[in-house]
Amino acid sequence: MQTASPTHATPTLHLVCGKIGAGKSTLCRQLARAPGTVLISEDAWLAGLYPAQIRSIADYLQRADQLRTVLTPHLQALLRAGVSVVLDFPFNTAATRAWAREVFEAVAAAHALHFLDVDDAVCKARLRARNALGEHPFQASDEEFEQITRHFVAPAPQEGFRVIRYAADGFMIPDSIR
């Protein structure tokens, strides 16, 4: 039996939305297992490009903006080439989701916005466990969680994204795709 090559499949830009500790990176690694799919991790790129230079939320915002600017044409080239891309970036505001829209619409690629709808208590517990392991390039305190979470905006229907919503247990919530 012959299977289609990834260049013949519809390239998809996968985006994730969820608070710190919601499970975005875990889901991204699962999504990236699909044939013809690459994973691009914001945390890995920022840690590699700016070692020990991100000490505040302002530092992060500046460096993340620079990274998005540089990656945009590369992401579009991958999608044009028929490669699906999983972006392990936090698409937690309307502004970051607008950037993603610019990426996929410019090349007429498909998209999926994976929304991890997990409450604060679960996220904080997961964050503390992640911090304790010491394997993640960035650690966040409960106070930083609160500061960052204040800016979180769940995707709204009027944004027009194809949203796939997940509960804390990682299971997709039925009727979540628009």
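In this report, the structure presented in the accompanying data block is examined. (Residues numbered from 1 in each chain as written. Predicted model: local features only at pLDDT ≥ 70, side-chain atom pairs only at ≥ 80, totals over all residues. Heavy atoms only, no water.)

Here we look at helix α3 (residues 57-80)
Quick note on the threshold: Put simply, DSSP H or I for four residues or longer makes a helix, DSSP E for two residues or longer makes a strand, and each gets a number counted from the N terminus. Multiplying 1.5 Å by the helix residue count minus one yields the expected span of that helix. The quantity called bend is, for any residue, the angle between two axes fitted respectively to the seven residues ending at it and the seven beginning at it. Burial status follows relative accessibility: with a 1.4 Å probe on protein chains alone, a residue under 20% of its type maximum counts as buried, one over 50% as exposed, and anything between as partly exposed. Should any heavy atoms of two residues lie within 4.5 Å, those residues are counted as being in contact.
In this model α3 runs 33 Å from its N-terminal to its C-terminal C-alpha over 24 residues, within 8% of the 34 Å that 1.5 Å per residue would give. If you look at α3, its biggest bend is around 40°, right at L71, and the proline P73 turns up within four residues after that. When α3 is considered as a whole, its buried residues turn out to be D59, R63, A64, L67, R68, L71, T72, L75, Q76, L78 and L79. Those residues of α3 that are buried lie in contact with β1 (12-17), β2 (37-41), α2 (42-49), β3 (84-90) and α4 (94-106). Positive phi appears at G82, one or two residues downstream of α3, with a value of about 90°.

Re the pattern of salt bridges
The condition that has to hold: In what follows, salt bridge is the name for a side-chain nitrogen of Lys or Arg lying within 4 Å of a carboxyl oxygen of Asp or Glu.
According to the stated counting rule, one finds 5 salt bridges in the structure shown. Close ionic contact of E159 with R97 constitutes a salt bridge, the shortest N to O distance being 2.8 Å. Placement of the pair is E159 in the loop between α6 (142-149) and β5 (163-166) and R97 in helix α4, with a sequence separation of 62 residues. R97 carries the same exposure label as E159, and that label is buried. Linking R101 and E105 is a salt bridge whose minimum nitrogen-to-oxygen distance equals 2.9 Å. Placement of the pair is R101 and E105 together in helix α4, with a separation of 4 residues, close to one helical turn. Relative accessible area serves as the criterion here: at 48%, E105 is assigned to the partly exposed category.

Here's the deal with the sheet that holds β2
Remark on secondary structure: sheet strands pair via backbone hydrogen bonds, oriented parallel or antiparallel. Put simply, the rule reads: Only strands joined by at least two bridges in the DSSP assignment are considered to pair. Interaxial angles span 0 to 180 degrees and are taken between N-to-C directions of axes, which are lines fitted to C-alpha atoms, for helices over the stretch in contact.
Read across the open sheet, the 5 strands follow the order β2-β3-β1-β4-β5; overall the sheet is parallel. Across the chains shown, the open sheet's two edge strands, defined by having one partner strand only, are β2 and β5. Along the sheet, successive strands turn relative to each other by an average axial angle of 20°, direction set aside. As defined by bridge partners, β1 adjoins β3 across 3 bridges and the pair is classed as parallel. By the bridge assignment for β3, V16 is matched with P90. On the sheet, α3 packs against β1, β2 and β3 and is oriented at approximately 170° with respect to β3.

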